[in-house]
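# A look at the structure
Listed here are the chains, written in short residue letters.
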Amino acid sequence: SSQSEVEETLKRIQSHKGVIGTIVVNAEGIPIRTTLDNSTTVQYAGLLHQLTMKARSTVRDIDPQNDLTFLRIRSKKHEIMVAPGKFALLLSLLFFVIYLLNPDI
Amino acid sequence: MEIVYVYTKKRSEFGRQCNFSDRPAELHVDILPDPSQMDNYIERNPCDTPTQCAQEMSEHEVNTERFQTETRGINHVEGGWPKDINPQEMEQTIRYRKKVEKDENYINTVLQLGSLMEHCIKQNTAIDIYQQYFEEEEASEVAEEQPSAKTINVFRDPNEIKRTATGLSWHPDGAKKLAVAYSSLEFQRATKDMSFDSYIWDIENPDKPEMTLKPVSLLVCLEYNPKDSHVLIGGCYNGQIAYWDTRKGSQPVEMSTVEHSHRDPVYKVIWLQSKTGTDYFSASTDGHVLWWDIRKMSEPTERLILDPSRKGNLDNALGAISLEFETTMPTKFMVGTEQGQVVSCNRKAKTPAEKIVCTYSGHHGPIYALQRNPFFPKNFLTVADWTARIWSEEIKESSIMWTKYHMTYLTDGCWSPVRPAVFFTTRMDGTLDVWDLLFKQNDPTLSLKVCDESLYSLRVQDNGRFLACGSQLGTTTLLEISPGLCTLQRNEKALATAMFERETKREKILEARHREMRLKERSRSEQSKEEEAKDVDTEESSEDLVARAEKEFFEVVEFELKKREREEEKSQSKADSEKEVSEEKEAQDLS
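Residues numbered from 1 in each chain as written. Chains lettered and ligands numbered in written order. Predicted model: local features only at pLDDT ≥ 70, side-chain atom pairs only at ≥ 80, totals over all residues. Heavy atoms only, no water.

Taking an unreviewed UniProt entry as the reference, chain A is identified by name as DLRB2 protein belonging to Polyodon spathula. The record held by UniProt for chain A lists under Sequence similarities (unreviewed entry) the comment "Belongs to the GAMAD family." (UniProt positions renumbered as here; feature names shortened; annotations may be inferred.)

Spelled out as structure tokens, the structure:
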């Protein structure tokens, strides 16, 4: 069934080399699925939600026809990847947050 | 020139109605231009006329009030849960989550975004974006930079009546806090309104002290316990010593009893190295050095009277104004006195007389700072009167190196904990000097005017990078020193060792020479004394000596006078005899 597909997708993503954690958050900021502990999840969800909104509004300001498809934040230690859901459907704004560890460290 | 028009009317015609009639204009006066006036003027061509087309500006000065900031944190709690669900309840949240997961939109979005996400992840793993493409180049040598120091923060005494910052102590772990003791050392200047509080400041926050310490009397010095960062001891102006535990509040946990404490302000307290980490000792100008244990503050565990004649006589005692203790040499300690001498003492001596080992004199005034070099414990620095001197333990007659005499008093000084040849001194004109002996020995390497009033205290942090200095108006300034002055240079230790040894040797040679000369003189005077002793009594009182000196003097004077008389007579007789001879000759010639 489609629900099992969702499970499979999430599992597959999590099993990739270097992925530390996965979070799925809904529009209200409630983490639906997470592989990290609660406090970290809440922190990331709160911070990245705002950043994603800002990024999206930036893209739209420059060109109203454009829209944000993906957001990557690379830092010394990790990379955070955010895939924002369809903003048109305001009810379900989902995004993935994944950390990639620098394999060399 | 008057222009007059006369209007006349007969008396009989008064009151008659006016009959106006038109008439043409009449020219009354015509003043023509007078060309002769032109001769008084010269035409000016060209004519300079300044114009400016600029905006009109006015200048105003505005100085904003000191901005008070306070850091507050917000606790993020999971939000967004609908009203009917209690986020604490596991069941409800799980049920809600399951409901969301069943939503069709959710499923579609997740599948879609999942494939997008996988694509990006695969990108990352395909190419190693963090790969080193160029080998790390050797870090280039730090360019020779000018030594400098920068003020990071200024902590002002929050009270109306400002007190002097006389004692400073860095927090032992990480040095994020600074304890400052405020007092007034000028005789009877402390007024009734003066607050007794001393403060612990957080370095990042200069607006408000992090904690207040409330002693019974003004605190002259303050020290953190290096083993336990919550405990502080402070020496008070009235001679008592108090100890605080920062976990227990602003009031001292315990104070030493008045009867057994010092009789003068406690100028220095230092923690000792002991198993329990609760011992310390204190010094004051009443001539005593007392040892205490925190757990029993009712009386000191040991006493020492600083009597240089080693008789324990309090009347002879020197007043102590600074102390020195190195944890690497726990049996020895040194005391700097008000009289300008440094007394070196041994803790482990059996009798009080043996406690005092030797004294070093050479200063003219009270020794405000005394510290051993952390790398060369045999050499120590003293700061007093107008100079700073470096001594070697072996040489007791004089210091091995000294600075020139400055224009103002030096008030405090200390070695840098990271560089063996660098030390700092503060002066009464508000200047901080940084001396680098390997660079320049006559003048400070860096002289910085920190504030307009005198600086009274100085403390370097253990990493050698930051230092705090306290001034007369209670302003403590936190300075950061340029990296050149706080990183160990190549072969600096070797050079410093060589320098100290060279100076020590020089002093030793000078000392030996002096001793030789003194011996020679003594033996000479002893010899002459022996001869005299045969004639005269050996013991002569000073009065006898004076009488003898007078007698000798007059004898010499008389002798000289007689000699002169004799010579005169001789010359007279010579002249007479010559006269006679010449007369005879004349007589002979005549006859």
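### Notes on a nonpolar patch on the surface
All names here are of chain B. A cluster of nonpolar side chains, M1, I3, V29 and I31, forms an exposed patch at the surface whose accessible area comes to about 490 Å². Within the secondary structure, V29 sits in the segment before helix 1 (90-102). You can call V29 partly exposed: its relative accessible area is 30%. (Patch = residues over 30% accessible without salt bridge, like charges linked within 9 Å, V, L, I, M, F, W, Y side chains within 5 Å. Areas by Shrake-Rupley, 256 points an atom, 1.4 Å probe, with all protein chains shown as cover. Salt bridge = Lys/Arg side-chain N within 4 Å of Asp/Glu carboxyl O. Helix = DSSP H or I, 4+ residues; strand = E, 2+ residues; numbered from the N terminus. Buried < 20%, exposed > 50% of the residue type's maximum accessible area, 1.4 Å probe, protein only.)

### A word on the packing of aromatic side chains
Residue and element names in this part refer to chain B. Per the counting criterion, the structure on display carries 17 aromatic pairs over all chains. Taking 6.3 Å as the distance between ring centres and 85 degrees as the angle between the ring planes, the aromatic pair formed by W415 and F500 counts as edge-to-face. Of this pair, W415 sits in strand 22 (residues 410-415) while F500 sits in helix 4 (residues 492-535), and the two are 85 residues apart along the sequence. Residue class for W415 comes out buried when judged on its relative accessible area of 2%. On the numbers, 5.8 Å between centres and 5 degrees between planes, the contact of F423 with W435 is stacked. Linking F423 in strand 23 (residues 422-427) with W435 in strand 24 (residues 431-436), this pair joins segments that are 12 residues apart in sequence. (Phe/Tyr/Trp six-rings, centres within 6.5 Å; stacked < 30°, edge-to-face > 60°.)

### With respect to a negative patch on the surface
Negative charge collects at one region of the surface, where E565(B), E567(B), E568(B) and E569(B) lie side by side. Counting through the fold element by element, E568(B) comes out in helix 5 (residues 542-590). (Lys, Arg positive; Asp, Glu negative; His and termini not counted. Charge placed at Lys NZ, Arg CZ, Asp CG, Glu CD.)

### Considering the pairing of strand 3 (residues 71-74) of chain A
Residues and elements named next belong to chain A. As paired strands, strand 3 and strand 4 (residues 78-84) are joined by 4 bridges and run antiparallel to one another. Each bridged residue has a counterpart across the sheet, and for R72 the counterpart in strand 4 is M81. Connecting strand 3 to the next strand, strand 4, in antiparallel fashion are 3 residues. (Pairing = 2+ DSSP bridges.)

### Describing helix 2 (residues 38-62) of chain A
The end-to-end C-alpha distance of helix 2 of chain A, which contains 25 residues, comes to 36 Å, matching closely the 36 Å that a straight helix rising 1.5 Å per residue would cover. What helix 2 of chain A keeps buried is the set T41(A), V42(A), A45(A), L48(A), T52(A), A55(A) and R56(A). (Expected span 1.5 Å × (residues − 1).)

### Looking at the sheet that holds strand 12 (residues 288-293) of chain B
Residue and element names in this part refer to chain B. Across the sheet, which stays open at both edges, the 4 strands sit in the order 10-11-12-13 with antiparallel pairing between neighbours. Both outer strands of the open sheet, strand 10 (266-271) and strand 13 (302-305), are each paired with one neighbouring strand and no more. Between one strand axis and the next, the sheet turns by 20 degrees as a mean value, whatever way the strands run. As paired elements, strand 11 (residues 279-284) and strand 12 share 5 bridges and run antiparallel to each other. Opposite S282, over in strand 12, you have L290 as the bridge partner. (Axes fitted to C-alpha atoms, helices over the stretch in contact; angles between N-to-C directions.)

### Topic: the state of the cysteines
Evaluation of the coordinates by the stated rule reveals 0 disulfides over all chains. Free cysteine: C221(B), not disulfide-bonded; nearest cysteine sulfur from C236(B) at 8.5 Å. (Disulfide = S-S within 2.5 Å.)

### Thoughts on the sheet that holds strand 21 (residues 401-402) of chain B
Residue and element names in this part refer to chain B. If you walk across this open sheet you meet the 4 strands as 18-19-20-21, and the pairing is antiparallel. Of all strands in the sheet, those with a lone pairing partner are strand 18 (367-372) and strand 21, marking the two edges. One ladder, built from 2 bridges, connects strand 20 (residues 387-392) with strand 21; its direction is antiparallel. Residue I390 lies in a different strand from strand 21, and its bridge partner there is M401.

### Points about the side chain of D433(B)
Inspection of the secondary structure puts D433(B) in strand 24. Engagement of the side chain of D433(B) in a polar contact is seen with the side chain of S447(B), the distance being 2.6 Å. (Polar contact = N/O pair within 3.5 Å; in protein donor to acceptor, adjacent residues only side chain to side chain.)

### Topic: the environment of R419(B)
All names here are of chain B. Structurally, R419 can be placed in the loop between strand 22 and strand 23. R419 gets classed as buried once you look at its relative accessible area, which sits at 3%. For R419, the contacting residues outside a window of four places in its chain are F375, D436, G484, L485, C486, T487, L488, Q489 and E492. Among the polar contacts made by the side chain of R419, one reaches the side chain of D436 at a distance of 3.3 Å. (Contact = heavy atoms within 4.5 Å.)

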